[in-house]
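Residue strings, one per chain:
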Amino acid sequence: MEQIQLSLSQNRRNIKCNQKDSLFVSVNLSLDESTQLIKQSHHVSLAIDCSGSMYGEPLDDAKNAALEAIRSLSPDTLVSIVAFETEAKIILSARSANDPNISEVINSLEDGGGTAMYDGIDMAFNSLQNHPDSDMIKKLMLFTDGEPTVGPDDNEIIKRCKEIRNQGISVDVFGIGIDYNENLTKSISEAGGGTWEHVENTKDLQETVMLQMTELEKTVIVNPQLEITLMNGAELSAAAMIRPTYKKIDLSKYQMNGNKVVFGIKDIIIDQSQTIAMRISIPPLQTTQPTPLVTARILKKADEVIAVATATIACSDDPEIYGLITDPNPTADFQSGLATAFLQDGIKNNDDEKTKLGKTIIANLKKDAEKGNLSQETQVAVKNVQELGGFVTSEMSEAEKKEAMHQSTKIGAPSSEPTSQPEPEPQPEPQPEQQSQLTFPCPNCAARLKRGAKFCGKCGKPINKQEDSQS
């Protein structure tokens, strides 16, 4: 049985009474470390571009990557393969991953004419649907080096991938080389709830595909939904997924049902956390007591609630209370996503103004990071978006644009190098009697607070002045 850990973080717990305001709130989701991977059946369908542009090394590397990945799967995993060029065709109907004929079928692939991408995706989806086991975890992997030249246009392809995702199937895309349409392949992966990988050096393709195969077998919940319920009068003004991959959430595409909205998130995978950062506009408040601001629910199979968390808000007329930042991470996560969105627009549309806006936000983020009070995960996002900003220029080549766009989806991904907080200035350690005089324990959570504090930065509850004086 999966054990979902769901929490909400907010940058402030109070706003000024009788005044409109906005807060940054993060939805944080992961699996409890005690969660055991229950053996489930899997089916992966590969849609491989065999158009003329795949001639030679690209197709050879795609075939080798497919072979190595399939060999890594458990014997009872089902595999099917579709090849597409001017037409799409099933070259391998679903069978066990250890079937000895798979290697021969893959090695027989040859390049052909145009690129019927829609038909390739659609046929791979139909192969997956031929096994309607509701508990089977399914994944569609698309390998391509170009743009569709045959069949329905880009919008129809994206629409089809949304329909595939609604059936509980994720779509991963591997863009090979430098000639493919990065905007389309990125959109396909986002619509299909999967990942988008840019593989300029086709020799890296095997490792990249193997990683996705590993995630397939570590998947616990497919196609979960995040339900957000706001207090009356509040508005969800912006939202973005920050980790495991970045994706701006276009709220105009989701219908609010009263004060509630539901949208899909990534499959829940062991050892992988998810963060959705939001900006919420709050109506004027009069209550000084904590009241529910936003409730998040994770839904499984559309209507089964498997986790719930609520963030509260109160008002105060004391500037020290309503101005207190209790957690800087939701703001930094949100701003990292906002900077990324501007940089993506700058790359996609050659828009120097958007790029400039993104880099301005990054400069402010750097100042926040230097204060040293961000979590390790948020530091990673800030560091990655700083590196992205340094890479994006108006003189980038097409290959560099593809790489930059790909990296922009990975701002929440940890790098191999550890990210550390700036070393604090050395301070003389207070003596025990001095410590007692300088601080007192919070009566609610026992955190050490400075004398005169009116608000606990850890639990968010106000401090009674009488309790301070008696401590």
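For the structure, see preceding data.
Residues numbered from 1 in each chain as written. Predicted model: local features only at pLDDT ≥ 70, side-chain atom pairs only at ≥ 80, totals over all residues. Heavy atoms only, no water.

Visitor: Got a minute to help me understand unusual backbone geometry in this structure?
Guide: Arg243 connects to Pro244 through a cis peptide bond whose omega is 15 degrees. With respect to the helices, strands and loops of the structure, Pro244 is situated in the loop between β12 (235-243) and β13 (247-248). The backbone of Asp271 shows a phi angle near 70 degrees, a positive value even though the residue is not glycine. By secondary structure assignment, the location of Asp271 is in the loop between β15 (268-269) and β16 (274-282). Here the phi dihedral of Asn350 falls at roughly 50 degrees; this positive angle occurs in a residue that is not glycine. Looking at the secondary structure, you find Asn350 in the loop between α8 (329-349) and α9 (352-370). (Helix = DSSP H or I, 4+ residues; strand = E, 2+ residues; numbered from the N terminus.)

Visitor: Any chance you could explain the sheet that holds strand β2 (residues 14-16) here in plain terms?
Guide: Hydrogen bonding along the main chain pairs the strands of a sheet, whether they run parallel or antiparallel. Taking strand neighbours across the sheet as the criterion, the five strands line up as β2-β18-β17-β11-β14 in an open arrangement whose pairing is mixed. If you trace the sheet from one side to the other, it starts and ends with β2 and β14 (260-264), each paired once. Taking the axes of each pair of neighbouring strands and ignoring which way they run, one obtains an average angle of 25 degrees across the sheet. Bridge count between strand β11 (residues 225-230) and β14: five bridges; the pairing is antiparallel. Looking at β14, one finds that Leu226 is bridged to Phe263. (Pairing = 2+ DSSP bridges. Axes fitted to C-alpha atoms, helices over the stretch in contact; angles between N-to-C directions.)

Visitor: How should I be thinking about the packing of α8 against helix α10 (residues 376-391) in this particular structure?
Guide: Packed helix pairs are characterised by how far apart their axes lie and by the angle those axes make with each other. Close contact between α8 and α10 brings their axes to 9 Å; oriented N to C, the two are set at 25 degrees. Taken together, α8 and α10 sit at an angle that is classed as roughly parallel. The element α8 and its partner α10 pack so that their crossing is left-handed. On α10, the residues that touch Asn329, Ala332, Asp333, Ser336, Ala339, Thr340 and Leu343 of α8 are Thr378, Ala381, Val382, Val385, Leu388 and Gly389. Class assignment for the residues of the contact of α8 with α10 results in seven nonpolar, five polar and one charged. (Parallel < 35°, antiparallel > 145°, perpendicular 65-115°, else oblique. Left-handed = near helix turned anticlockwise from the far one by under 90°. Contact = heavy atoms within 4.5 Å. Nonpolar A, V, L, I, M, F, W, Y, C, P; charged D, E, K, R; others polar.)

Visitor: Mind showing me how you'd approach the sheet that holds strand β8 (residues 170-176) here?
Guide: The strand order β6-β5-β4-β7-β8-β9 describes an open sheet built from six strands, whose pairing is mixed. Looking along the sheet, the strands with just one partner apiece sit at the ends: β6 (88-96) and β9 (193-199). Strand-to-strand twist across the sheet, computed as the mean angle between neighbouring axes with direction ignored, equals 15 degrees. Across six bridges, strand β5 (residues 78-84) lies against β6 in antiparallel orientation. Counted as the bridge partner of Ile81 is Leu92 from β6.

Visitor: Please clarify how helix α6 (residues 205-217) should be interpreted in this entry.
Guide: Given 3.6 residues per helical turn, the α-helix brings residues three or four places apart onto the same face. End to end, α6 covers 19 Å across 13 residues, agreeing with the expected 18 Å (1.5 Å per residue, within 8%). Within α6, burial applies to Leu205, Thr208, Val209, Gln212, Met213, Glu215 and Leu216. The buried residues of α6 all sit within an arc of 160 degrees when viewed along its axis, so they share a single face. (Expected span 1.5 Å × (residues − 1). Buried < 20%, exposed > 50% of the residue type's maximum accessible area, 1.4 Å probe, protein only. Arc of directions from axis to C-beta.)

Visitor: Explain the pattern of salt bridges here, please?
Guide: Pairing is possible between side chains of opposite charge, provided their charged atoms come close. Under the definition given, this model contains 18 salt bridges. Glu190 is paired through a salt bridge with Lys186; the nearest N and O atoms lie 3.1 Å apart. Of the two residues, Glu190 and Lys186 both sit in helix α5 (residues 182-191), four residues apart, roughly one turn of that helix. Among the residues examined, Glu190 registers a relative accessible area of 23% and is labelled partly exposed. Judged by relative accessible area, which is 12%, Lys186 ranks as buried. Residue Lys354 pairs with Asp345 through a salt bridge whose shortest N-O separation is 3.6 Å. Residue class for Asp345 comes out partly exposed when judged on its relative accessible area of 28%. A cluster of three or more residues bridged by salt bridges with shared partners is formed by Asp122, Arg160 and Glu163. (Salt bridge = Lys/Arg side-chain N within 4 Å of Asp/Glu carboxyl O.)

Visitor: What's the story with the nonpolar core in this structure? I'm lost.
Guide: Within soluble globular proteins, side chains that are nonpolar tend to cluster in buried spots. In terms of nonpolar packing, the biggest core is built from 50 residues, with Met117, Ile121, Leu140, Leu142 and Ile188 touching the most fellow members. Among the elements that take part in this core, α8 stands out by supplying seven residues, more than any other. Residues contacting Leu140, with those up to four places away along its chain left out, are Ser45, Ala47, Ile121, Ala124, Phe125, Leu128, Ile164, Ile169, Ser170, Val171 and Asp172. Among the nonpolar cores identified, the runner-up in size contains 40 residues, and Leu29, Ile228, Ala234 and Leu293 belong to it. (Core = buried A, V, L, I, M, F, W, Y, C linked by side-chain atoms within 4.5 Å.)

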